[in-house]
Amino acid sequence: INQLNNGWIECPQWKITTNNSLHNFTALCITLQVPLNWDIIDDINNTDPETIDYYITNIFSAHHTPNNRNGNGAFWMLEGGPGGSGESLYPIAIPWMNFLDDTFDIYIPDHRGTGESNPLNCGLLNTPQCAKLLDDIYGDKLHYFSTYQASIDLGYVIHLFQTNLSVYNNRNDIIWGGSYGTYYLNTYLNLFP
């Protein structure tokens, strides 16, 4: 199933977070569906797995259209934390775009459980109250909000974007992680060498 058709929208927080009136970059976002538990996908008896939202931001030069970009590849940025949403990387994406001399598009996913990817939010609850709330919502499925499952989300999306020529043409990916994002990246690289 090609989940990319007509799903890109203008990112609501991009202009607010970056004061983008000073820069020539555009950001589009998409929400894809990924399995809550990737380990059951190969199970013949499970043809309709439970899914969660997976939110991705794509930042590119305003001189290009979404269907006419440089196509040199993708620069993926993985947030730290754990618990940080990709949106917190928006301000540093602009210097990276300048450093890359507008030759790569930037992709920033929200790690599952953060930002717009099925956030595990508890508001102002203390830790025990939050744990109970999340347990009431997810029960024994809460452990699927893990680095392992998130790394498979990333691998799936990178493959999906590489094989869909309307996103980027070359299999040229650079992946950067900050803080916990380095552990997230290491887990991804062990699963997808």
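Our subject is the structure that appears above.
Quick notes on the rules
- Residues numbered from 1 in each chain as written.
- Predicted model: local features only at pLDDT ≥ 70, side-chain atom pairs only at ≥ 80, totals over all residues.
- Heavy atoms only, no water.
- Buried < 20%, exposed > 50% of the residue type's maximum accessible area, 1.4 Å probe, protein only.
- Helix = DSSP H or I, 4+ residues; strand = E, 2+ residues; numbered from the N terminus.
- Pairing = 2+ DSSP bridges.
- Right-handed = clockwise from strand over helix to strand, strands pointing away.
- Contact = heavy atoms within 4.5 Å.
- Axes fitted to C-alpha atoms, helices over the stretch in contact; angles between N-to-C directions.
- Parallel < 35°, antiparallel > 145°, perpendicular 65-115°, else oblique.
- Left-handed = near helix turned anticlockwise from the far one by under 90°.
- Nonpolar A, V, L, I, M, F, W, Y, C, P; charged D, E, K, R; others polar.

Chemist: Run through the pairing of strand β4 (residues 74-78), naming residues and quoting values.
Modeler: Successive residues of a regular strand alternate their side chains across the two faces of the sheet. When you tally the buried positions in β4, you get five out of five residues, the bulk of the element. Note that β4 and strand β5 (residues 105-109) share three bridges and pair parallel. Bridge pairing links Trp-76 to Tyr-107 in β5. For the crossover from β4 across helix α2 (residues 90-99) to β5, the handedness is right-handed.

Chemist: So, the sheet that holds strand β6 (residues 173-177): which residues are in play, and what are the values?
Modeler: What the six strands build is an open sheet, ordered β1-β2-β3-β5-β4-β6; its pairing is mixed. If you trace the sheet from one side to the other, it starts and ends with β1 (9-10) and β6, each paired once. Relative to strand β3 (residues 51-61), strand β2 (residues 25-35) is paired through eleven bridges, and the arrangement is antiparallel. The residue of β3 that forms the bridge with Thr-31 is Tyr-55. In the packing of helix α4 (residues 147-163) onto the sheet, the strands contacted are β2, β3, β4, β5 and β6, and the crossing angle to β2 comes to about 120°.

Chemist: An account of the packing of α4 against helix α5 (residues 180-191) is requested, with residue identities and associated values reported.
Modeler: In a packed pair of helices, the relevant descriptors are the angle between the two axes and the axis-to-axis distance. Where α4 meets α5, the axes come as close as 9 Å, and the angle between the chain directions of the two elements is 65°. On the basis of the axis angle, α4 is roughly perpendicular to α5. In the crossing of α4 with α5, the sense of the turn from one axis to the other is right-handed. Residues Thr-147, Tyr-148, Ala-150, Ser-151, Ile-152, Leu-154, Gly-155 and Ile-158 of α4 pack against Tyr-180, Tyr-183, Tyr-184, Thr-187, Tyr-188 and Leu-191 of α5. Looking at the contact of α4 with α5 residue by residue, the class counts come to ten nonpolar, four polar and no charged.

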